[in-house]
Structure formats: structure tokens, C-alpha cells
Amino acid sequence: MKYDHNKVEIKWHRKWLAEKIYEPSFKFAKNPFYNLMMFPYPSAEGLHVGNMYAFTGADIYGRLKRMQGHDVFEPIGLDGFGIHSENYALKIGQHPADQAKISQKNFYRQLGLIGNGFAWNERLETYDPEYYKWTQWIFVQMFKKGLAYRKKSPVNWCPSCKTVLADEQVVAGTCERCDSVVVKKELEQWFFKITNYAEKLLNNLEKIDWSERIKIAQRNWIGKSEGLIFSSPVKDTNLIIETFSTHFEAFTADTFVVIAPDHPLLSRLLDGVPNKSEILVFCKRIISERKKDHYDKKDSEGIFTGRYTVDPVGNGNLPIWVASYALAEYGTGIVKCSAHDERDFAFEKKYGIKLKPVLFPKDPEHRKKIEDLEECYTDMVNGYLTEPPEFAGRKAEDIRREIVKYVVKKNLARPVTKYKLRDWLISRQRYWGPPIPMIFCGPPAGGCGWQPVPEEDLPVKLPYIKDFKPTGTNQSPLASDEKFYKVECPKCGGEARRETDVSDTFLDSAWYYIAYLAKITNHKSQITNPFSNPLNKNWLPVNMYIGGAEHSVLHLLYVRFLAMVFHDLGLVHFEEPFPKFRAHGLLIKDGAKMSKSKGNVVNPDEYISRHGADALRMYLMFIGPFGQGGDFRDAGMKGVTRFLDRVWKLSQISNVKSQKDNQGLEKRTHQTVKKVTEDIENLNYNTAISALMILLNEMEESQREISQVELEIFVKLLAPFAPHMAEEIWREVLGNKESIHVSEWPKHDSKLVKESEVDLVVQVNGKTRSVIRVKVGLSQEEIEKTARSDQNILKYLDSVKKIIFVKDKLINFVS
RNA sequence: GGUCCAGUGGUGGAAUUGGUUUACACGCACGACUUAAAAUCGUGUCCCGAAAGGGAUGUGGGUUCGACUCCCACCUGGACCACCA
């Protein structure tokens, strides 16, 4: 009988749904396993093969867990709010709300085709008011806790698209959509105080089992650095400035100070300086030119402020300059500078400031160059100090700690920890997102200030407005909808104005894993309070989370941050939402990144209809290690379609053939069980599939002697990868009543896995000269005897001085 | 510029407490079947060499009886971050 993949796959999709094999019994589950994959944002023409790749990889893991006896919950939903979706709607001239309905239908259709074990009943969409009601509720809790606040801040602005852009839409200083240069604009914005949790976000990384590269990225992003703050008075003023330094070993080398052009203290510093206005004009220009392009270290610009500070370490008066390379938002925004920093050095040279090197290399010739100021020397590890006298002649890396003690004792500085992490800018002046649930009560009325929308009034529904395009007026399109923004103050009842900005998409996705569980209690559209859900205790945190590495410092940091806040508010019982996370690799196409502009995006639909979902799944997983990604080439499909054809053929003949035992095959089968199980646990799907191919090859060779038991084991091992064909063979060919996907995963017999004979390598001076087939466990004497009589070895054995023997592996004659 | 990862046949890739380099698959070549092609099946396929043998895991060095694997330097590619003091 021929295998018609289209028919078979649709048949099982229907049956699986009817039999509810992918809906765990939530209340009575003994062995809950929450298997979560990052949900997609339906931004473009549909699901592309990269999504398919990610979901299939996650699904295979879930299927193993299910067959191993876990109650697996594998939900799916759409991250449909946000700029991505809105941009797509803009592009094709649709209203985002209308487009969402179309995309939703198409995405769920496509997601259905790949045959994953999704719990369809619990699916959710972030633009559903029942969902974003709770997104807004979370905002309100953040505000009440003092973790949501407003601040004026420069944001990315695309002059051509006339809109604010999210950071992630700014690629190398230009707009992702039109390549225009992005400029900074000062706007008052809502922020979440993620910096409060910097230390915990960093420390908890030690406790969670995540792909190491993601942990590294988060550590770098949080950017903890320990340094010293020196403070010193500014002459002729009553100001005191503080400077931050992490490379403070050469602290006596400082000869001047720079301050950021946008530093809040600058204006007061310049009070009384004759050319104040000239300096401020300079600062304004620098600020506006910033971020236009990549920074060039040699191109620093500066201007002298006319002020001096008294150096705390005794270098006299240090001139204070405004420098383009000083950042107001890092450290204290003011830096003490020396000859031992590349940027400082270039700046000093450019403006003829006095230099005083105190750190030198050992090599005298090299040292001379530093003394003559021909070269900048920055090696705080191998350099030797000449100052202060207490540390003269000592290596920089050896005395870091001592210097801290020294300066603290002398009251010159204090140790401080700083982070690169900045607060999360949460507002967006766009339409397609959850309105921020805040109301401002100004002076004409009670002047109550910012008030949260009362919880019973949530959700603040996003109105359907015709003109949803970005306005270019620093305000969301909602600001032109009077019905929306004109409200009463919840506190005094006076006339007030509703916040018209919406929140960042990453807030939507920062709590969705909790929302899926809230869907269970009510299968309609309502989400009952997700944080008082009794199921949370049993089902959270998520057991396995799989997703793309591109979210390593966005989504994956925000979601951890919010979980910590929830924990501190007593809303959840865990701090880390995903104790185990694995990043999958990037799927490229013919050597290039898939992108719409290149026109090389692969739509999975045609592959599924031509070869079947099973073949596509297997091909995607066979390309390479799941954690590393792979290159999608049409030619590669052939290998797995052949494999599946052969599996089908084998199933058609084997059940009528004899049941005779075949010891070789039995051993291979058990070895394969072990290998496939371990490989799936480690997400090494490519080698698991290759092991199945090897087993199939051997089964074909010994066709007449396959027992039903071995075929059953084979089909079970295949089930996570090719769920449809495995089910078809399991039920229709082998006659089982219950689904293979809830059957028991095979276990290997460790006795049967062991080989009784091995190929033992015979080497002479480390070169392989012969391979002998021997029984396992033979002693050196026995092996030596056999090896010495080997024809290929005899001629080398004249002057053996030493013999290296590794049991069951090799013997090496060294002469 | 910083951080991290990778470099193995014609191609995707296998191989890790250091122990037979190239599993599995694609492609290619030849053969079978066919009027023919596709599909399928079989055989072969790292390089040099008739063979014996030698060489080969980006390059150069080191440690070791033995290195794809560990160490040092460099080259190339990729990812993320990027004026972070």
C-alpha cells in the first residue's frame, strides 16, 4: 500500500484532537511537565520555516517527555501586538486589528500542519483584551510598587518614517525599514526600574540551567563593574564632582577631567564662565550628532569649561573639559583622565593637555616610547607602576586590591559597583499595543498627578481608530481620539487625561507563560486572575523553555525581571520562570540569512504538501545540531524522504515475516534506544536521526528476521520525529488501539548494549599499524601476545622500550 | 573596538574524561531495472601512490607514547554588544 502523507497527516490531526492526547489532566497530573517554546509574532506573510524549525525541535523534546510518562503541557499562542505586526499592517494598507484576525487564522492553520503536540484549548493572543487586561494590571502593580516611573529621556526617532523606533528596530544607527539615520529626541517616557534587580538578575544566573552563551550575553548586558569614585571640589564654585573609574591602578596619572555634554551638572558648573553660551552651543551640537554613526575613537571633540578641580590625589589643579566621548548615563558622567586610556590619550594629544605616564612595560625600549608619549600604554595587568611610592615597581594586576585599601584609608575614594544595565523604556508612541493604564490629573482639576486606572476598570480597551498611523508629533495616534483620552480623575473626579502611549511588546511576552495556565480554568475567552490560579503551584516554573538566541538580552531578561517582581509581590512562588532554557540555532538558506528583502524566505506550506510534515520535520532536525542551526537546501530533503519511504516499506513486509530472534539486530536495537534517548535529552536530534538510519539499514539487511518487538521499538523511537507515520504504523499496521504518543518509551537493556568484541588498535610509536578483533576485557598480556604475532606489527618490534595499554581500546609499542 | 562561538571530504555534518579522523546523509561515478527518463536497488567515493607506504581536521609552535580534542600565537568566518572610563 502506498503511503499518502497528506491523507494520513490530516487523519491523525483530527483524531489526536478528538482523543485529546495533547491535553494533560491539569488538576490530577502526577508528573507535570511544562514544555514551552517562544511564541511567534505573526508579523509577515505567515509562518516561515525558521519558526517551524524552532517549534519542531521543542516538540520532539516534549514528545519524549510525554512518552516517558510525564503529563506534558505544550501550549501555543501569538505575540501579535507590537510594532512588527503594526508595520506589516501599514505596509499592506490594512488596519492592524483586521490584519490580526487574518494572520491569526493563517498562523493557526500553519501551526496545525506541522503536527506538534500543542494543547490547542489554551492558546492565547496578546491583543485579546482578556489578555492585555492583565498586562495592564501588571503595569498598575509596578506603578504602585514604585517600579514604574516617568523620566525625560532621549529616544530613537526616524525622520523619514516620522515615528519613534524601538531600540531593536535601530540597526547600526539606521532605521530598519528605510535605512534613514536615526536621531535622538528628548521625550518624557515611562520606565520600569529593572536596575533595582541588576544584582539578582546577575547572581541568579549561577542557579539556572541555560545555554552558556545566553548567560554570557546577559552578564555582559548587565555589565557589572567594580570601581572607585573619587570626589573633589571644583575651584571657584561650591560644587563637588565625582568621577568613576574601574581601571584605577594608575590613578596618580590623571591630569584632566572630562564631563559629558548632556550632563545635568554642566549648566551649574558653567555659571559664571564668560563663554558659557558658546560652550552650551558646542554641547548641543555634539548631542545632536551623537549616535548618527559609529563612533571613531580618534574623532573625539571637546571644549574647555574654564573650570578646574582640585585633584584628590595631589596632582594639583586639573582642567575640566567637555568631551564628546563622555557619557552622562554611565558611571557618574564625569571621568578623571590620564595617559593610560586610548580615548583620553587621543584627546590629550589633540588639545595639547599635559600628560603624566606612571605605568610602564618591562622592556626598556618600549618603556622609552611611553615616557616620550609616542604611544598609549593601557595594560593594567602586566604594566609596572612608578607611583605612588608605596607601589613603585610593582605589577598592576598584583596590587589592585591593595590600592582600593590604600585610597579608602587615605579617604581619597570609595569603592562602588556600577552596571551598564539601564531602566526599561516601556512607552511607545504607537497604536498597536496595550494602552498604558494611567491617568494624569493636571492643575485645572485636582492636580492629583499620575493615577493608575482602578483595577475594576481594566482593561483599558484599545479603541478601533481609523487613523492609526504614527503621527510624527511625539504622540501616539490615540492622542487624537478625544473619547479615549478624556476621562475623570479616579481620585478627585475632576477632568483628567488618559495616557495615550501604549506599552512595549516585550511586556506582553514577559508573563505569557503564566497566562496559558489561566486559560485552563475557563476555556472561553476569559482569563481569571492568573496570579491566584491554584494550578500555578504544580505547573510552574516552566520545566523546559526553548527559543532563539536573538532574545538573549531582551525577552529573556525582561521575563526574568518580571518574575522577580511577581515573587516580591507575593504573586508567584518562584524567582526564575525558566530554570532550564536551551537556545536553538539560526536556520539560514543557501548560506545566507533568510530575509524578506533578499526574497529567500522559505514558506513551509509547499514542502509540507509535497513531502509531508514528517519529512520536513526530519529534514530540519537532520541538518545539524539543533543548538547551532543549519543551512536549508532543497537538495537535502531527499535523504529523509527516502528514509521515510523505506520505513514505510519495511512496515508493510515485516509483520508478515517470521518472529525469529536475531541477536545482532537485538543488540543494535538496544544501542539505538540508548543513543536516541540520550540524544533527544541533549537536543542532538541530528545524531539521533542518524542512529535511526543505521538501525533501519541493518533491519533491511536482515529483513526476514525482524521481530514485531523490534519494529515496535523502532516506530516508537521514530515517533517524536515523524509523529504521523509512526502513528499510522503503530495503529493501522500493528493494530494498536491507543496512540503511540502516549505509549511507553522503550528502555534499553544495559547488558544488551555492551559489545562482546571490540576492534583494538595496535600502534607503534603512536601510529596505527593494525587493528585486531578481540573479546572485551582481555588483559595486557593476552593482547600483547596477539599483537606481537600480527604480521603488520612484527617488523616494528625490534627495540620496544615501553608499552602503553588502554583496555579494550589500544596497545601502543613505543621504541 | 569588546565579548562569545566556529573553522574536519565536492556539500550538510560525525567523532571529547586525549586513543582507528571522516559515522549518517547529500552529491558524483559506474552498474542493474527501463525503448528512454524519473524513481528504486547495488558498488565505489579524503588526497598522493601500481603497491609498500606517506600526507591530511584554517596556519605556525608547544605538551604527550598518542592531539580534531589541551596550551600559546596568528589567519579567516559568524553572532551579539558597541564612545561603558
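> Sorry, what's going on with the overall build of chain A here?
Counting its regular elements, chain A contains 27 helices and 35 strands. Principal-axis analysis of the C-alpha atoms gives chain A an extent of 105 × 85 × 45 Å. For chain A, the residues scored as buried account for 54% of the 815 residues in total. Looking at chain A alone, contacts between residues at least 24 apart form 72% of all its contacts between residues at least 6 apart. Within the structure as shown, chain A displays about 37100 Å² of accessible surface, and the carbon and sulfur contribution to it stands at 49%. With 116 positive and 106 negative side-chain charges, chain A shows a spacing of 1 Å between the two charge centroids.

> In this structure, what is going on with the pattern of salt bridges? I would like to understand it.
Two side chains with opposite charge may pair up if their charged atoms get near one another. Counting across every chain of the model gives 42 salt bridges. Between D59 and R63 there is a salt bridge whose closest N-O contact spans 2.8 Å. Note that D59 and R63 are positioned in helix α2 (residues 49-67) at a spacing of four residues, about one turn of the helix. One salt-bridge network, held together by shared partners, links K11, E728 and E732.

> In this structure, what is going on with the nonpolar core? I would like to understand it.
Grouped burial of nonpolar side chains is what soluble globular proteins tend to show. Grouped together as the largest cluster of nonpolar side chains are 173 residues, with contacts concentrated most on Y513, F561, F632, F643 and F721. For this core, the element with the highest residue contribution is helix α17 (residues 555-568), accounting for ten residues. For F561, the contacting residues outside a window of four places in its chain are M142, F192, K193, I194, Y197, L201 and W424.

> Can you walk me through the packing of aromatic side chains in this structure?
Counting across every chain of the model gives 56 aromatic pairs. Seen in terms of ring centroids, W424 and Y558 are 3.7 Å apart; in terms of plane orientation they differ by 5°. Their pairing is stacked. You can see W424 sitting in strand β20 (residues 424-425) and its partner Y558 sitting in helix α17, a full 134 residues away along the chain. Of the two residues examined, W424 and Y558, each falls in the buried class. The rings of F139, F143, W190, F192, Y197, W424, F440, W450, F506, Y558 and F561 are connected pair by pair, giving a single aromatic cluster. For the cation-ring pair, K193 lies above Y149, with the distance from its terminal atom to the ring centre recorded as 5.2 Å. Over the aromatic face of Y607 sits the side chain of R610, whose NZ or CZ is 5.8 Å from the ring centroid.

> Would you mind showing me how to read the environment of P40 here?
Assignment of secondary structure puts P40 in the loop between β1 (32-37) and α2. A relative accessible area of 5% places P40 in the buried class. Each C-alpha atom of the pair P40 and G80 lies 8.0 Å from the other, and the pair is 40 residues apart in sequence. Those residues in contact with P40, other than ones at most four positions away along the chain, are N51, F55, I76, G77, L78, D79 and F107.

> Just checking my understanding: could you explain the packing of helix α19 (residues 613-622) against helix α24 (residues 723-733) for this structure?
Pairs of packed helices are described in terms of their axes, by the angle between the two and the distance that separates them. Direction vectors running N to C along α19 and α24 enclose 125°, while the axes themselves pass 7 Å from each other. With respect to α24, the axis of α19 lies oblique. Within the contact between the two elements, α19 uses A613, D614 and R617 and α24 uses P723, H724 and M725. Of the residues contributing to the contact of α19 with α24, the split by class is three nonpolar, one polar and two charged.

> Explain the pairing of strand β11 (residues 225-233) here, please?
Consecutive side chains along a regular strand alternate between the two faces of the sheet. In this sheet, strand β19 (residues 413-418) lies alongside β11 in antiparallel orientation, the contact comprising six bridges. When the sheet's bridge partners are listed, E226 is paired in β19 with T417. The pairing of β11 with strand β12 (residues 240-245) spans six bridges and is antiparallel. Paired with S232 across the bridge in β12 is I241. Where β11 folds back on β12, the antiparallel hairpin that results is connected by six residues, among which D236 adopts a positive phi of roughly 65°.

> Looking at this model, I keep getting lost on the side chain of S739. Mind explaining?
Its location among the elements puts S739 in the loop between α24 and α25 (750-753). From its side chain, S739 meets the backbone nitrogen of H741 in a polar contact 3.0 Å long.

> Please explain unusual backbone geometry as it appears in this structure.
Most peptide bonds are trans, and most residues other than glycine sit at a negative phi. The step from E387 to P388 runs through a cis peptide bond, and the omega angle for that step is -20°. In this structure, P388 sits in the loop between β18 (384-385) and α12 (400-409). L540 connects to P541 through a cis peptide bond whose omega is -5°. Of note in the backbone geometry, K20 takes a positive phi value of approximately 55° without being a glycine. Relative to the assigned elements, K20 resides in the loop between α1 (5-19) and β1.

> Would you explain helix α7 (residues 212-222) in this entry?
Think of an α-helix as turning once every 3.6 residues; residues three or four places apart then point the same way. Taken as a whole, α7 has its buried residues at I214, K215, Q218 and I222. When α7 is viewed along its axis, its buried side chains cluster within an angular range of 100° and face the same direction. Of the surrounding secondary structure, the elements contacted by the buried residues of α7 are α6 (198-203), β10 (209-210), α17 and β28 (580-584). Positive backbone phi, at 60°, marks G223, one or two positions downstream of α7.

> Quick question: what am I supposed to make of the confidence of the model for chain A here?
Reading fine detail from the predicted coordinates is not recommended where pLDDT is low. Across chain A, pLDDT averages 87, with 93% of residues at or above 70. Prediction confidence for the complex, expressed as pTM and ipTM, is 0.90 and 0.93 respectively.

> Before we go on, may I ask you to explain the environment of D679 in this structure?
Note that D679 resides in helix α21 (residues 663-681). For D679, a relative accessible area of 7% puts it in the buried group. Sequence spacing of D679 and A691 is twelve residues, and the spatial spacing of their C-alpha atoms is 9.6 Å.

> Teacher, can you tell me more about helix α4 (residues 96-113) here?
Taking 1.5 Å as the rise per residue, α4 with 18 residues should run 26 Å; its terminal C-alpha atoms sit 25 Å apart, in good agreement. Residues P96, A97, Q99, A100, S103, F107, Y108, Q110 and L111 constitute the buried set of α4. Summarising the axial view, the buried residues of α4 lie within an arc of 160°, below the 170-degree limit, and thus occupy one face. More than 90 degrees from the buried face of α4, the exposed residues found are K101 and K105. Positive backbone phi, approximately 75°, marks G115, located one or two places after α4.

> What's the story with the environment of P312 in this structure? I'm lost.
Structurally, P312 can be placed in the loop between β14 (302-310) and β15 (317-323). Sequence spacing of P312 and G493 is 181 residues, and the spatial spacing of their C-alpha atoms is 56 Å. What P312 contacts, discounting residues up to four positions off in sequence, is F230, S231, S232, K336 and L412.

What counts, and at which threshold
- Residues numbered from 1 in each chain as written.
- Chains lettered and ligands numbered in written order.
- Predicted model: local features only at pLDDT ≥ 70, side-chain atom pairs only at ≥ 80, totals over all residues.
- Heavy atoms only, no water.
- Helix = DSSP H or I, 4+ residues; strand = E, 2+ residues; numbered from the N terminus.
- Buried < 20%, exposed > 50% of the residue type's maximum accessible area, 1.4 Å probe, protein only.
- Contact = heavy atoms within 4.5 Å.
- Areas by Shrake-Rupley, 256 points an atom, 1.4 Å probe, with all protein chains shown as cover.
- Lys, Arg positive; Asp, Glu negative; His and termini not counted.
- Charge placed at Lys NZ, Arg CZ, Asp CG, Glu CD.
- Salt bridge = Lys/Arg side-chain N within 4 Å of Asp/Glu carboxyl O.
- Core = buried A, V, L, I, M, F, W, Y, C linked by side-chain atoms within 4.5 Å.
- Phe/Tyr/Trp six-rings, centres within 6.5 Å; stacked < 30°, edge-to-face > 60°.
- Lys NZ or Arg CZ within 6 Å of the ring centre and 35° of its normal.
- Axes fitted to C-alpha atoms, helices over the stretch in contact; angles between N-to-C directions.
- Parallel < 35°, antiparallel > 145°, perpendicular 65-115°, else oblique.
- Nonpolar A, V, L, I, M, F, W, Y, C, P; charged D, E, K, R; others polar.
- Pairing = 2+ DSSP bridges.
- Polar contact = N/O pair within 3.5 Å; in protein donor to acceptor, adjacent residues only side chain to side chain.
- Arc of directions from axis to C-beta.
- pLDDT = per-residue confidence, 0-100.
- Expected span 1.5 Å × (residues − 1).

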